[in-house]
Amino acid sequence: LLQTDMSVCNNPLWTGKDKRMNTRERIIAHSFNLFLNRGYASVHISHILKDLELSRGGFYHHFRNKEEVLKEVIEKYYINQLSDLTQVVESAKSFKEIIIGLQNLAAKQIDIFLSVDEEKPNHYYLMFEAMRLFPETKETISHWYVESIKRLRSFIEKCVAEGELKEDVEPSMLALQIITQVEGLFVMSHFVDKSMDKEDILLVFDRIYNNTAAALN
């Protein structure tokens with residue numbers, strides 16, 4: 001089975017109530033929690049102020065409104081994760097390193113999303129809400145998917161040429177398969193089996209790797 005770097009998985013819970021975080025970080029972290037659990041439309045600035053024991057001046061010193069908070073939440077918990085995935089592909093020296101890197105990032109992301117109060121909040125709802133409100137967010141995410149598949153395809157082509165992958169591997173299809181399997185796993189974890197925990201999800205990643213590794217010599 002693929003070995004996960006558990007040091008990546010053991011991240012502190014992002015509740016926003018950690019006093020070591022500065023005020024801006026606490027607002028972003030706790031708003032993320034609230035948006036996931038209650039829905040963006042149901043959360044008011046007053047909820048954030050009450051939970052974090054902040055004054056209105058303390059909030060408005062950092063943000064003009066709730067929409068600005070959502071933008072920061074999306075940047076930190078979604079857009080930055082896309083950048084991390086890009087780094088996995090750009091820094092990998094082998095196909096196996098890409099799969100290991102993707103699994104470790106997924107483990108980290110699972111910890112972040114399961115740290116909120118709800119047992120299984122659906123973070124896709126929040127992402128879709130942000131894309132509806134902010135067209136530039138949708139454009140950024142769409143562009144990332146297109147470019148990621150291109151990068152993976154190019155890397156897989158190199159692996160085939162160097163003999164790491166079999167000659168009959170189709171780079172475009174394998175690149176698409178990797179991206180869709182990773183995303184599909186998170187979607188299914190919300191709709192198919194509400195009892196899935198991190199260990200279950202990582203076991204599925206092991207199986208995804210083993211199935212993909214069947215293409216290896």
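Preceding this paragraph is the structure being described.
Numbering of residues starts from 1 in every chain and runs along the sequence as written. Local features in this predicted model are restricted to residues whose pLDDT is 70 or higher, and side-chain atom pairs enter the listing and the counts only when it is 80 or higher, whereas totals over whole chains, interfaces and linings include all residues. The basis for every side-chain value is the complete set of non-hydrogen atoms in the structure, without hydrogens or water.

Mind showing me how you'd approach the packing of helix H2 (residues 23-38) against helix H3 (residues 45-52) here?
A packed helix pair is summarised by two numbers, namely the angle formed by the two axes and the spacing between the axes. One can describe the packing of H2 onto H3 by two numbers: an axis separation of 10 Å at closest approach and a directional angle of 120 degrees. One way to sum up the angle between H2 and H3 is to call them oblique. For the crossing formed where H2 meets H3, the hand is right-handed. Contact with H2, carried on its side by Arg26, Ile27, His30, Ser31, Leu34 and Arg38, involves His47, Ile48, Asp51 and Leu52 of H3 and no other residues of that element. Of the residues contributing to the contact of H2 with H3, the split by class is four nonpolar, three polar and three charged. Comment: axis = line fitted to C-alpha atoms, over the contacting stretch for helices; angle = value between 0 and 180 degrees taken between N-to-C directions. Only runs of H or I of at least four residues qualify as helices and only runs of E of at least two qualify as strands under DSSP, and these elements are numbered from the N terminus. Should an angle fall under 35 degrees it is taken as roughly parallel, and over 145 as roughly antiparallel, whereas 65 to 115 is taken as roughly perpendicular and any remaining angle as oblique. Less than a right angle of anticlockwise turn of the near helix away from the far helix marks a crossing as left-handed, whereas a clockwise turn marks it as right-handed. Should any heavy atoms of two residues lie within 4.5 Å, those residues are counted as being in contact. Each residue is assigned to one class: nonpolar for Ala, Val, Leu, Ile, Met, Phe, Trp, Tyr, Cys and Pro, charged for Asp, Glu, Lys and Arg, and polar for all the others, Gly among them.

Teacher, can you tell me more about the packing of aromatic side chains here?
Two numbers describe a pair of aromatic rings. These are the distance of the centres and the angle of the planes. Working definition: a ring pair exists when centres of Phe, Tyr or Trp rings (six-membered ring for Trp) sit within 6.5 Å. Plane angles under 30 degrees give stacked, over 60 give edge-to-face, the rest tilted. This structure, assessed with the given rule, holds five aromatic pairs. With a centroid separation of 3.9 Å and an interplanar angle of 10 degrees, the aromatic rings of phenylalanine 32 and tyrosine 77 are classed as stacked. Here tyrosine 77 lies in helix H5 (residues 66-91) and phenylalanine 32 lies in helix H2, a separation of 45 residues in the sequence. Per residue, the accessibility class of phenylalanine 32 equals that of tyrosine 77, and both read buried. Using a 1.4 Å probe on the protein chains alone, a residue whose accessible area is under 20% of its type maximum counts as buried, one over 50% counts as exposed, and one in between counts as partly exposed.

Even after reading the chapter, I still don't get unusual backbone geometry, so can you show me in this structure?
Here the phi dihedral of glutamate 53 falls at roughly 55 degrees; this positive angle occurs in a residue that is not glycine. Following the sequence through the fold, glutamate 53 ends up in the loop between H3 and helix H4 (56-60). You can call glutamate 53 exposed: its relative accessible area is 68%.

Is there a simple way to explain the pattern of salt bridges in this structure?
Proximity of charged atoms lets side chains of opposite charge pair with each other. Salt-bridge detection follows one rule: a side-chain nitrogen of Lys or Arg within 4 Å of a carboxyl oxygen of Asp or Glu. Tallying each qualifying case throughout the model produces seven salt bridges. Its salt-bridge partner being lysine 71, residue glutamate 136 comes within 3.6 Å of it at the nearest N-O pair. A residue pair is termed long-range when its members are at least 10 positions apart, and glutamate 136 in helix H8 (residues 135-161) and lysine 71 in helix H5 qualify at 65 residues. By relative accessible area, which is 41% here, glutamate 136 ends up partly exposed. Residue class for lysine 71 comes out partly exposed when judged on its relative accessible area of 41%.

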